[in-house]
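Below are the chains, spelled out letter by letter.
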Amino acid sequence: VRVRVRLYVSAIAAMHRDNPFHNFEHASHVTMSVSKLLARIVAPDEVLNQEEDAANMAASLHDHTYGITSDPLTQFGCVLSALIHDTDHAGVSNFQLVKEKNQLAQFFKEKSVAEQNSILLAWEKLMDPRFEELRRCIYSEPSELDRFRQLIVNNVL
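Now for a quick tour of the structure. The residue count restarts for each chain, going from 1 along the sequence in the order it is written. Totals for whole chains, interfaces and linings use all residues, but because this is a predicted model, local features are given only for residues with pLDDT of at least 70 and pairs of side-chain atoms are given and counted only at 80 or more. In computing side-chain values, all of the structure's heavy atoms are included and hydrogens and water are not.

Before going further, it helps to spend a moment on the nonpolar core. Side-chain atoms within 4.5 Å are what join buried Ala, Val, Leu, Ile, Met, Phe, Trp, Tyr and Cys residues into a set we call a nonpolar core. Three exposure classes are used, based on accessible area relative to the maximum for each residue type with a 1.4 Å probe and protein chains only: buried under 20%, partly exposed in between, and exposed over 50%. Ranked by size, the top nonpolar core spans 20 residues in total, and within it Y8, I84 and F148 carry the most contacts. Within the residue set of this core, elements represented by two or more residues are α1 (2-15), α5 (72-84), α8 (113-126), α9 (132-138) and α10 (142-156). In terms of residues, this core owes the most to one element, α10, which gives 5 residues. For the purposes of this entry, the term helix denotes a DSSP run of H or I that reaches at least four residues, the term strand denotes a run of E that reaches at least two, and both are numbered from the N terminus.

Structure representation (structure tokens):
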């Protein structure tokens, strides 16, 4: 699976344009920042100091960290969203794309143009047959696939 992750990241990197800000270096920095932020999500001391059994402690931690600490799918969705958020970014604002009547602006009905394009391209790449093994590690049921896709969309938009 590690090889597939590397291939996917390389494919995403190749889809980034060489512009001053919305490039793969920026995406890498955002990805590392999100990863560090996720690692810092901790429960408040009052939760950690409670005398509870393991099941109640897990439920309490889940509630106090909005479920992020106990949900690997959400964690991975956040990190992947950071990686893909500027895929194929033209280096200009959505306003400019709309103003210029860019094909993408028309395709995405002038709403979150660059972001929707990034999601579309990265998702299409993830659905490539070469990444079937990777997808099986991310989700195993259609409901998980739907939730994962919604996480990506919500995070990027």
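Moving on from the model shown.
Let us now look at the side chain of R135. Within the secondary structure, R135 sits in helix α9. The charge count treats Lys and Arg as positive and Asp and Glu as negative. His and the chain ends do not count. Should a side-chain nitrogen of Lys or Arg be within 4 Å of a carboxyl oxygen of Asp or Glu, the pair is scored as a salt bridge. Buried charge R135 goes without a salt bridge, the closest partner of opposite sign being E132 at 4.9 Å. Here, two residues are considered to be in contact whenever any of their heavy atoms come within 4.5 Å of each other. Not counting residues within four places of it along the chain, the set of residues in contact with R135 comprises L126, M127, D128 and P129.

The next point concerns the environment of V92. On the secondary structure map, V92 appears in the loop between α5 and α6 (94-99). Given a relative accessible area of 31%, V92 falls into the partly exposed group.

Ring pairs shown here join Phe, Tyr and Trp side chains whose ring centres sit within 6.5 Å, with only the six-membered ring taken for Trp; geometry is labelled stacked below 30 degrees between planes, edge-to-face above 60, and tilted in between. For the structure shown, the criterion picks out 4 aromatic pairs. Where F107 meets F108, the ring centres are 4.8 Å apart and the plane angle is 80°; that geometry is what we call edge-to-face. Feature note: the residues F76, W123 and F148 constitute an aromatic cluster, connected by ring pairs.

This brings us to the packing of α8 against α10. At a minimum axis separation of 10 Å, α8 and α10 run at an interaxial angle of 150°. Regarding the angle of α8 to α10, the classification is roughly antiparallel. Considering only the axes of α8 and α10, their crossing is right-handed. Across the interface between the two elements, E115, I119, W123 and L126 from α8 touch L145, F148, R149, I152, V153 and V156 from α10. Its residues placed into classes, the contact of α8 with α10 shows 8 nonpolar, no polar and 2 charged. For helices, the fitted line uses only the C-alpha atoms of the stretch in contact; every axis is such a line through C-alpha atoms, and the angle between N-to-C directions lies from 0 to 180 degrees. For classification, angles of less than 35 degrees are called roughly parallel, those exceeding 145 degrees roughly antiparallel, those between 65 and 115 degrees roughly perpendicular, and all remaining angles oblique. Crossing handedness is read from the near helix: turned anticlockwise from the far helix by less than a right angle, it gives a left-handed crossing, and turned clockwise, a right-handed one. Three classes are used, and their members are as follows: Ala, Val, Leu, Ile, Met, Phe, Trp, Tyr, Cys and Pro are nonpolar, Asp, Glu, Lys and Arg are charged, and the others, Gly among them, are polar.

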